[in-house]
Amino acid sequence: MAFIETPRLPDEISFGATFGPAYQTTVTTVRSGHEQRNSNWATARLAIDLGYGGKTQADTDALRDFFHAVHGRAHGFRVKDWTDFEAKTTNTTAKRIDAEKYQLQKTYTAGALQRIRDITKPVSGTVSVFVNGAPAAATVDTTKGIVTITATGTALTVSSISKAAQAVVVTSAAHGLIAGQGVKFDNGALGMTQIQGLSGFVISVTNTTTFVIGINTAAFTTYTSGAKIAALPKAADVVTWSGEFDVPCRFDTDAMRIEIDTRGAEGLFYNWSGVQLIELRA
């Protein structure tokens, strides 16, 4: 079924819930008491229990409305994990996808042990990106947790681009690029208009003004002039980020159980028993 990006589960519902990561491990014990353990999941799934009391009529109405809107277990939605919703540059990485795109990740460390978690639902307006510790301009896809680094530095004019499976690019001045670095073409190319806006990895550097790039231009029209390129991060550059994130979840029940907890001067208070959520795999 569908995933609903907005609204996320209202904060007045999630605040006060029980949150925690859950793994699945098969343990086989033999007569001697020795055991064999097999970890079935490489990554944990967040489990959430909303079953707690003292909720007002307004909170209960909000839960009921949301439950109906997502059809119980049918649709996924965002949830704020109040125990783990922030990322800092000291515990984040970004996995390189291509020359300009990176997957946001968060690292959990205990001594020499680490677990790296993909963050797929960053909160809009909270994410800052850094390359080797310096702020970097980037756009953020908040539905997938993918950032696109903006090419920086002085744009170099391109003298020629070959038509080949791996294009040979010649610049009018020294490019300063290294193998494994990314470059992005602007929208000014004439003749070979198909190259406009494309980005790719530098495969090899021939000399100070010539390099080979991983873009297949064999079927493109012939380049004449006008293109410029700007540099993207190198393969060895460290991309980190900071910001807030949600978790993609669904209800783990198709039946919502609500009972009256107490009656007070301000009205009825309710207990939400057995209302649980589970994280969705990306």
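Presented here is an overview of the structure given in this document. If you're wondering where the values come from, they're calculated on a predicted model, not measured in any experiment.

## Some details on the overall build of the protein
Reasoning step 1: Looking only at helices and strands, the protein features two helices and 25 strands.
Reasoning step 2: For the protein, buried positions account for 39% of its 282 residues.
Reasoning step 3: When contacts within the protein are restricted to residue pairs at least 6 apart in sequence, those whose partners lie at least 24 apart make up 70%.
Reasoning step 4: For the protein, the exposed area adds up to about 14500 Å²; of that, 53% sits on carbon and sulfur atoms.

## Observations regarding the pattern of salt bridges
Reasoning step 1: Within the structure shown, the criterion is met by 14 salt bridges.
Reasoning step 2: The closest approach of N and O atoms between lysine 106 and aspartate 84, which form a salt bridge, is 2.6 Å. One end of the pair, lysine 106, is in strand 9 (residues 101-110); the other, aspartate 84, is in the loop between strand 6 (76-79) and strand 7 (86-87), and 22 residues separate them in sequence.
Reasoning step 3: With its nearest N and O atoms 3.3 Å apart, the salt bridge here joins aspartate 84 to arginine 117. Note that aspartate 84 is positioned in the loop between strand 6 and strand 7 and arginine 117 in strand 10 (residues 113-118), a separation of 33 residues in sequence. With respect to burial, aspartate 84 and arginine 117 carry one shared label: buried.
Reasoning step 4: Put simply, Glu5, Arg8, Asp11, Arg78, Lys121 and Asp246 are held in one network by salt bridges that share partners.

## A closer look at the side chain of glutamate 279
Reasoning step 1: The topology assignment puts glutamate 279 in strand 25 (residues 276-279).
Reasoning step 2: For the buried glutamate 279, no salt bridge is present, and the opposite-charge side chain at shortest range is arginine 117, 4.3 Å distant.
Reasoning step 3: In this structure the side chain of glutamate 279 is engaged in a polar contact, spanning 2.7 Å, whose partner is the backbone nitrogen of leucine 46.

## Brief notes about the packing of aromatic side chains
Reasoning step 1: Scanning the model with the defined rule gives five aromatic pairs in all.
Reasoning step 2: Plain terms: the ring middles of phenylalanine 15 and tryptophan 82 are 4.9 Å apart, the flat faces sit at 80° to each other, and that makes the pair edge-to-face. Of the two residues, phenylalanine 15 is situated in the loop between helix 1 (11-14) and strand 2 (18-22) and tryptophan 82 in the loop between strand 6 and strand 7; the sequence distance between them amounts to 67 residues.
Reasoning step 3: For phenylalanine 15, a relative accessible area of 52% corresponds to the exposed category.

## Observations regarding the sheet that holds strand 7
Reasoning step 1: The strand order 7-21-11-12 describes an open sheet built from four strands, whose pairing is antiparallel. Strands at the two margins of the open sheet, each flanked by one partner only, are strand 7 and strand 12 (134-136).
Reasoning step 2: Relative to strand 12, strand 11 (residues 128-131) is paired through three bridges, and the arrangement is antiparallel. Bridge pairing in strand 12 places valine 129 opposite alanine 136.

Parameters at a glance
Residues numbered from 1 in each chain as written. Predicted model: local features only at pLDDT ≥ 70, side-chain atom pairs only at ≥ 80, totals over all residues. Heavy atoms only, no water. Helix = DSSP H or I, 4+ residues; strand = E, 2+ residues; numbered from the N terminus. Buried < 20%, exposed > 50% of the residue type's maximum accessible area, 1.4 Å probe, protein only. Contact = heavy atoms within 4.5 Å. Areas by Shrake-Rupley, 256 points an atom, 1.4 Å probe, with all protein chains shown as cover. Salt bridge = Lys/Arg side-chain N within 4 Å of Asp/Glu carboxyl O. Lys, Arg positive; Asp, Glu negative; His and termini not counted. Polar contact = N/O pair within 3.5 Å; in protein donor to acceptor, adjacent residues only side chain to side chain. Phe/Tyr/Trp six-rings, centres within 6.5 Å; stacked < 30°, edge-to-face > 60°. Pairing = 2+ DSSP bridges.

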